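Fold and geometry: a report
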Amino acid sequence: MDADPWAPFLTPWFERVGTREGLPHSVTTALAQDTRGVVWIGTMGGLVRYDGFRMQVFDGGRAPDALRDAYVRTLLALPGGDMLVGTNAGGLARFQASTGRFQAYPTGAGGISDPKIYDLAGDGRGGVWVATDRGIDHLDVASGKIAAVPIGTAAAPRNFSVLQDDKGDLWLGNDRGLFVRRAGATAFNRVDAANPTVSAVLHNQVWALHQDPDGRLWVGSGQAGVVYRDGDGSWHAVPGFSPSPQRRNFPTVRHFAQSATGEEWIATDGEGVLTYRVGQPSVRQLAHDPAVASSLQGDSIRDLLFDSTGNMWVATDLGAAHTNTQAQMVCALLPSPLARYGLSESNVQGMLVDSRKRIWLGLGNGHIDLVDLAQGRLQHLVMGGAQSHRDVLAFTETPDGTIWVGTLGLARIDPDTLHVTNDVLAPLSTHPVLSMTSVDGVLLMGTYDGVYRYNPATGQLDHFRHDPADPTSLASDTVRYIAQVDGKIWYATTAGISVADRAGDDRGFRNIRQQPGRPDGLPHDYVGSIAKDARGNLWLATFGGVAELPGGRLDPQARFRIFDIASGLSSDKVNAVLPDDRGHLWTSLSNGIAMIDVATGEVRNLGARDGLHIPSYIYLATARAPDGSLLFGGQGGLTLVRRHANEEKPAEVPPPSVTSARVGGQELPPGALPRSGDTLTINNGHRGLQLSFAVLDYRAPLETRYSYRMEGFDDGWTDIPVGSSPNAVYTNLPHGEYSLRLRATTRGMFPTTVESDLRVVVQPRWYETVWLRTLVILAGIAAVFALVHLRTIYLRRQAKRLQRQIDERTHDLQEANARLDKLAGTDELTGVYNRRRFLALAEGVRALSAEGQACLAVLDLDRFKEINDGYGHLAGDAVIRAITDIIISQCRPGDLVGRYGGEELVICLPDCTATEAMRATGRIREALARAEVHHEGRSIRVTTSIGVAAIHRHESMEQWLSRADAALYEAKRRGRNCVVLAGD
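Residue numbers run consecutively from 1 along every chain, following the written order of its sequence. It should be noted that, the model being predicted, local features are given only for residues of pLDDT at least 70 and side-chain atom pairs only at 80 or more, the latter also being counted only at that level, while totals for whole chains, interfaces and linings use all residues. Hydrogen atoms and water are omitted, and side-chain values are computed over all heavy atoms in the structure.

A separate point is the overall build of the chain. For the chain, the helix and strand inventory stands at 7 helices and 72 strands. At a minimum sequence separation of 6, the contacts of the chain that also span at least 24 residues come to 54%. Carbon together with sulfur atoms contributes 50% to the accessible area of the chain, which is approximately 42200 Å² in total. Charged residues are defined here as Lys and Arg on the positive side and Asp and Glu on the negative side; His and the ends of the chain fall outside this count. By convention, charge coordinates are those of NZ in Lys, CZ in Arg, CG in Asp, or CD in Glu. Here the chain contributes 99 positively and 110 negatively charged side chains, and the mean placements of these two sets differ by 4 Å. Helical segments are the DSSP runs of H or I of at least four residues, strand segments are the runs of E of at least two, and each set is numbered from the N terminus. Contacts are residue-level and defined by heavy atoms, with any inter-residue pair within 4.5 Å sufficient. Calculation of accessible area relied on Shrake-Rupley with a 1.4 Å probe; when residues are assessed, cover is drawn exclusively from the protein chains displayed.

Below is the structure:
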């Protein structure tokens, strides 16, 4: 197997399960999965049965059939769904799935040697070995008989672990080291080795034992680390976690587990999880990182579990966690100032793979990260001067290997020394460089102020921009992306595409814009990245979907094939496109990543089951890594679509399982829960049915869609809101036979729909039985038939009526909540947004707007106090209402209008430049100046002063509003009844 060059940089993404999800105690101590697929979690405060949504908690009690001690130390799943529970001070108990109760085994004579249970292990014949604080016992599960096992005088009474291997040898992890009783023997003997490193581990406290599928025996100690024994009997140290001159003391090893790929996971009490593959030079640590929410929540690990679908579960002192070890299609390189391979900032905004196959990542606050896969190294660079706190948005490389950086202005990096030269060009020092490319050593740079062309060899700098009087000039001054395609230069702007024949052209462009009504035209003028695939097709990312120009042909009328929400994309807001070498196009969306099969047009949206956890992409950063992986910059890190993504096979998704049920008002014990194809019978007077169900692969529960349908009763499927606990609830079912279908639909590269089907039989009540009907038939067949028929219709209608009432009341509550929400955000006098709601909505506009692409306007009525004093406050209120109506009439449908306080109003103009905002507010000012407000027979005229501020990308809402307010005061100072634009 070839080494994965990304392995050092990637860490598993753990989903956490803690007290917030229902655990009775944060310290988790034991893990097991029963034969039905449900995961059990032992804690210091109780035992939990967990299906991914719901927790059934057993926290001890005084009842004879309750768990005697809530501190669970170890678990062992038994056939039939039963669970053996070893506790800290309450001995050994068996959860009986058939009754839902606990059976306690005796302690002392004829029972378990000590109430403190450390470990449980099967003997391969239906029995269980029990390691306690005072010896070893053997439990015959079928008969319940317990026999003490002599361990001799060399061993201490305290035993931390026990294991019977595939040869029948019984291994004992003891307070004094490792002991073994060979198959057929009666005595335990100390295990030793000639190698002093191995011997140091074998003579230490042995807390953990594990035999892997290849027959190796792994031994974990209290303070001396780990060793393993091959099938031939030879012992080996584990590099980095066995005694050496560099290190002698190690944290306690609590447990082992091995993945399906042969990687041994080692649980430690203080250093997290260590992973090791035989033959590797050292162990790899998976530890808690306070800066990464998806890391382990703690480093004290007490148990490990690989479940039946390949998830690894980890029990920590701060809750449990699990990760999908099979989700290898997509991975992420995450930000962390603490991790050796962590990114220095969260948002990846620019990207380049240079001629030396190094990956350059442009981040926020002047940070650049350099990934060298060949060296397994991540280096952090920081811009200086005025560029030190600015976003790094673009890179390009010139033929001499120099790396050019687009940020606030232009910077240069020496490819050998990595020395950064800041502010290379003074004329660009105040212009963010959004995009860059190098054509024959000449730099083309897209900004918010058009394109700059720079020749480093001669120092010549040219500048060209949009000219409203020239239709062949640049389509817009905001140039988001520049690409050289077949010798032509493509400029992607916020107002369409401009295509130049040569890099030296300043005008004479062919401009391609959206043409409403043309289904094969450019879907949107807001264009992102551009890429050409191996077949010559040209792909464009737009805010109206992905546009394909077949063959890259620029006919007189460019005709595109469009992929949008209607085609299957999860969003039309497309930022970047990147073809692979297998006929697929990959694209980053505002809410994820999708793949388009170019040949078939099929669209697949990736999900958490594929390994996609970074949820949002707003940058154009994308590149193909040297190993063939596709890279996308996102909000929260770097996403890798691995080179083998197209070779992945769909993982089997198990059908939904019923995890709890109330039938006829009675709770069913776990052992009585129906499986797919089983029959549920309701035979008492209570005809209610409530089932909880889930897909027990514990993967992406927030992306899995659940629904259910009772055929013979429901008209259609009932959809459960995504993320809600899947429950099917019925009340007062009419007697009869039904088929209850439980459905789950997964998201991802291989979306799958799976179903379970249960037969539901509702027994008739006494007055609905056949014998009663027969007696009534003897008295009058016709009357009885009519009565029963009417009764059945009544019951069915009654059940549907009750369901309808529930739906109606739910709808009424939803409408009432919506009305309350609207009232809470509406100004009572004017009907526009109040200050709180306006600021919340404007904050959303601020977060999504590019530099200069949104504006705020603050309006204040001139001499309004004179109106109140001269005409009265009622007249003043009438004036405010009237001018608000005029303002709304002058605004676009997407503009936000709010009352900021008193006679002061505020407008947020999304997707609007300062020039457009000045025109719009000028129209408002003129309309208000012309208007007359009539109140009680008197005419009142009013003027307004307006301050306007265009957005700066990195300013806060308060700063933006403050600049607009300052412009308003300037308008007042200039004599009122005017509009002033805020300066920078």
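Time to look at the nonpolar core. With 56 residues, the main nonpolar core has I41, L47, L75, L689, M710, Y730 and L740 as its most contacted residues. By convention here, the domain bounds are inherited from an automatic or database domain assignment. Residue contributions to this core reach at least three from each of two domains, namely domain 1 (19–104) and domain 2 (657–762). The contacts of L740, once residues within four sequence positions are left out, are L689, L691, R709, M710, Y730, S756, D757, L758 and V760. The term nonpolar core refers to a set of buried residues drawn from Ala, Val, Leu, Ile, Met, Phe, Trp, Tyr and Cys, joined through side-chain atoms within 4.5 Å. Residue burial is assigned from relative accessible area. The probe radius is 1.4 Å, only protein chains are included, and a residue is buried under 20% of its type maximum, exposed over 50%, and partly exposed in between. Formed by 33 residues, the second largest nonpolar core is a distinct cluster that contains V879, I886, I907 and A931.

A separate point is the sheet that holds strand β10 (residues 117–122). Pairing is antiparallel across the open sheet formed by 4 strands, whose spatial order is β10-β11-β12-β13. At either end of the open sheet lies a strand with only one pairing partner, and these are β10 and β13 (146–149). Within the sheet, the average angular offset between the axes of one strand and its neighbour, ignoring direction, is 25°. Two elements, strand β11 (residues 127–132) and strand β12 (residues 135–140), share 6 bridges in a ladder whose sense is antiparallel. Residue pairing across strands places G127 opposite D140, the latter belonging to β12. For two strands to pair, DSSP has to find at least two bridges joining them. Angles shown run from 0 to 180 degrees and are taken between the N-to-C directions of axes, each axis being a line fitted to C-alpha atoms and, for helices, limited to the stretch in contact.

With that settled, consider the sheet that holds strand β60 (residues 689–694). The sheet built from 4 strands is open, its strands ordered β58-β57-β60-β63 with antiparallel pairing. Strands with a single pairing partner mark the edges of an open sheet, and in this sheet they are β58 (666–667) and β63 (727–730).

A separate point is the packing of helix α5 (residues 873–890) against helix α6 (residues 914–930). Two elements in contact, α5 and α6, have axes whose closest approach is 10 Å; the angle formed by their N-to-C orientations is 140°. Crossing of α5 over α6 shows right-handed handedness. Residues I883, I886, I887 and Q890 of α5 touch α6, and the partners they reach there are R923, I924, A927 and L928. For this classification, the nonpolar set comprises Ala, Val, Leu, Ile, Met, Phe, Trp, Tyr, Cys and Pro, the charged set comprises Asp, Glu, Lys and Arg, and every other residue, Gly included, is treated as polar. Among the residues forming the contact of α5 with α6, the class breakdown is 6 nonpolar, 1 polar and 1 charged. When the near helix sits turned anticlockwise from the far one by under a right angle, the crossing is termed left-handed; a clockwise turn instead gives a right-handed crossing.

Listing the buried residues of helix α4 (residues 864–871) in full gives F864, I867 and N868. Along α4, the residues classed as buried sweep out an arc of 95° about the axis, all on the same side. Exposed and oriented more than 90 degrees from the buried face of α4 are K865, E866, D869 and G870. Immediately downstream of α4, the backbone of G872 shows phi near 105°, a positive value. Along the arc lie the directions from the helix axis toward the C-beta atoms.

For the rest of this paragraph, the subject is α5. With 18 residues, α5 should reach 26 Å at 1.5 Å per residue; the first-to-last C-alpha distance of 26 Å fits that figure. Those residues of α5 that fall on the buried side of the exposure criterion are A875, G876, A878, V879, I880, I883, T884, I886 and I887. In this scheme, a helix's expected span is set at 1.5 Å multiplied by one less than its residue total.

For the pair α4 and α5, the least separation of the axes is 6 Å and the interaxial angle reads 135°. Taken together, the axes of α4 and α5 are oblique relative to one another. Seen from α4, the contacting residues are F864, I867, N868 and Y871; seen from α5, they are H873, A875, G876, V879 and I880. Residue classes in the contact of α4 with α5 are distributed as 6 nonpolar, 3 polar and no charged. What sets the label is the angle itself: under 35 degrees gives roughly parallel, over 145 gives roughly antiparallel, 65 to 115 gives roughly perpendicular, and the rest give oblique.

Within the element layout of this structure, H210 appears in strand β18 (residues 206–211). Note on H210: relative accessible area 16%, which makes it buried. In sequence terms H210 and D416 are 206 residues apart; their C-alpha atoms lie 49 Å from each other. Look past the residues within four positions of H210 in its chain and what remains in contact with it is L163, R216, L217, W218, F256, A257, Q258 and E264. Polar contacts, as used here, are pairs of N or O atoms within 3.5 Å; protein pairs need one atom able to donate a hydrogen and one able to accept it. Residues neighboring in sequence count only if both atoms are side-chain atoms. Within the structure, H210 has its side chain in polar contact with the side chain of E264 (distance 3.5 Å).

Of note in the backbone geometry, K357 takes a positive phi value of approximately 70° without being a glycine. Phi is positive for D423, close to 50°, though the residue is something other than glycine. Position of D423 relative to the elements: it lies in the loop between β37 (420–421) and β38 (433–439).

Think of a 1 Å grid over the protein atoms and nothing else: a 1.4 Å probe that fits but is trapped marks a cavity, an open set flanked by protein within 12 Å on at least five of seven lines marks a pocket, and residues with an atom within 4 Å of a point count as lining. Grid points are joined across faces, edges and corners, and a volume is the space filled by probe spheres set on the points. What the rule picks out here adds up to 2 cavities of 30 Å³ or more. A volume near 40 Å³ is recorded for the largest cavity. Taken together, D34, R36, W40, R49, G81, F95, A97, P670 and G671 make up the lining of the largest cavity. Taken together, the residues of the lining of the largest cavity break down into 4 nonpolar, 2 polar and 3 charged. Quantified by volume, the second largest cavity comes out at close to 30 Å³. Lining the second largest cavity we find Q890, C891, R892, D895, L909, A920, R923 and I924. It is α6 that contributes the most residues to the lining of the second largest cavity, 3 residues altogether.

Take the pattern of salt bridges next. Here, a salt bridge means any Lys or Arg side-chain nitrogen found within 4 Å of an Asp or Glu carboxyl oxygen. Tallied over the full model, the rule gives 47 salt bridges. Among the ionic pairs, D506 bridges to R453, the shortest N-O distance being 2.7 Å. Here D506, found in the loop between β44 (496–500) and β45 (510–512), pairs with R453, found in strand β40 (residues 450–454); they are 53 residues apart in sequence, far enough to count as distant. A relative accessible area of 31% places D506 in the partly exposed class. A salt bridge links R609 to D697, with the nearest nitrogen and oxygen atoms 2.6 Å apart. Taken as a pair, R609 in the loop between β53 (603–605) and β54 (622–624) and D697 in the loop between β60 and β61 (705–711) lie far apart in primary sequence, 88 residues in all. With relative accessibility at 14%, the residue R609 sits in the buried group. Overlapping salt bridges bring together D212, D214, R216 and D230 as one network.

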